[in-house]
Amino acid sequence: MMQAGRAASAGYFIIIATAMGLGAGWWVDKRFGTAPWGLLLGLLVGVGAAIKELVTIARTTKLGNSTDENTRTDEKEPPPG
C-alpha cells in the first residue's frame, strides 16, 4: 500500500524537483549574472533528480510486486501426468 502512494506521488515529485532546479538556476543567474547557464544547469539538476526518483520508485515497486503471492514465478508447477 505504501508503494502505491509513493508511485502516485511521482508526478508531483517531477514537477517540484524541476521547479526547484529552475528556481535555483534563476537565482544563480540573477545573483551572478550568468544567464542562461545557471537556469540550464538548474533544469538539468532538477530533471536528473526526478529521473533518479522515478528509477528508485520503479525498482522498489517491482521488488515489492515480485514477492506478492499472486505473482510469484519461482515455484515450479509439478509435471503433468
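Note that the coordinates shown come from a computational prediction; the quantities given were computed from them, not determined experimentally. (Residues numbered from 1 in each chain as written. Predicted model: local features only at pLDDT ≥ 70, side-chain atom pairs only at ≥ 80, totals over all residues. Heavy atoms only, no water.)

### Points about the overall build of the chain
Cut-off, in case you're wondering: Note on conventions: DSSP H or I runs of at least 4 residues are helices, E runs of at least 2 residues are strands, and numbering of each starts at the N terminus. Relative accessibility decides the category of a residue: with a 1.4 Å probe and only protein chains considered, values under 20% of the type maximum give buried, values over 50% give exposed, and everything between is partly exposed. Contacts are assigned to residue pairs that have any heavy atoms within 4.5 Å of one another. Here, Shrake-Rupley sampling with a 1.4 Å probe gives the accessible areas, and only protein chains in the shown set may cover a residue.
For the chain, the count of helices and strands is three helices and zero strands. Moving toward the C terminus, one meets the helices and strands of the chain in the order α-α-α. Taking all 81 residues of the chain together, the buried fraction comes to 15%. Partitioning the contacts of the chain with sequence separation of at least 6, the portion at a separation of at least 24 is 55%. Entry remark: accessible area of the chain is about 6700 Å², with carbon and sulfur atoms responsible for 69%.

### Looking at helix H2 (residues 10-32)
Defined as follows: In this scheme, a helix's expected span is set at 1.5 Å multiplied by one less than its residue total.
Along its 23 residues, H2 runs 33 Å from first to last C-alpha, staying within 8% of the 33 Å computed at 1.5 Å per residue. Considered for burial, the residues of H2 that qualify are Ala-10, Ala-17, Thr-18, Gly-21, Gly-25 and Asp-29. Immediately beyond the C-terminal end of H2, within one or two residues, lies Gly-33, with a positive phi of roughly 65°.

### Here's the deal with a nonpolar patch on the surface
Formally: Excluding any residue in a salt bridge, patches collect residues exceeding 30% relative accessible area, merging like charges within 9 Å and nonpolar Val, Leu, Ile, Met, Phe, Trp and Tyr side chains within 5 Å. Throughout this description, the term salt bridge denotes a Lys or Arg side-chain nitrogen within 4 Å of a carboxyl oxygen of Asp or Glu.
Where nonpolar side chains cluster on the molecular surface, the patch consists of Leu-22, Trp-26, Trp-27, Phe-32, Trp-37, Leu-39, Leu-40, Leu-43, Val-47, Ile-51 and Val-55 and spans about 1100 Å² of accessible area. Those elements that place two or more of their residues in the nonpolar patch are H2 and helix H3 (37-66).

### Quick look at the side chain of Asp-29
Here is the rule: Positive charge is attributed to Lys and Arg, negative charge to Asp and Glu, and no charge count is given to His or to the chain ends. Whenever a nitrogen or oxygen atom comes within 3.5 Å of another N or O atom, the pair is scored as a polar contact, on the condition that within protein one atom can donate a hydrogen and the other can accept it, and that pairs from neighbouring residues in sequence are kept only if both atoms are in side chains.
Along the polypeptide, Asp-29 turns up in helix H2. No salt bridge is formed by the buried Asp-29; its nearest oppositely charged neighbour, Lys-30, is found at 8.0 Å. Reaching out from Asp-29, the side chain makes a polar contact with the backbone nitrogen of Ala-35 at a distance of 3.4 Å. Dropping the residues within four chain positions of it, Asp-29 is found in contact with Thr-34, Ala-35, Pro-36, Trp-37, Gly-38 and Leu-39.

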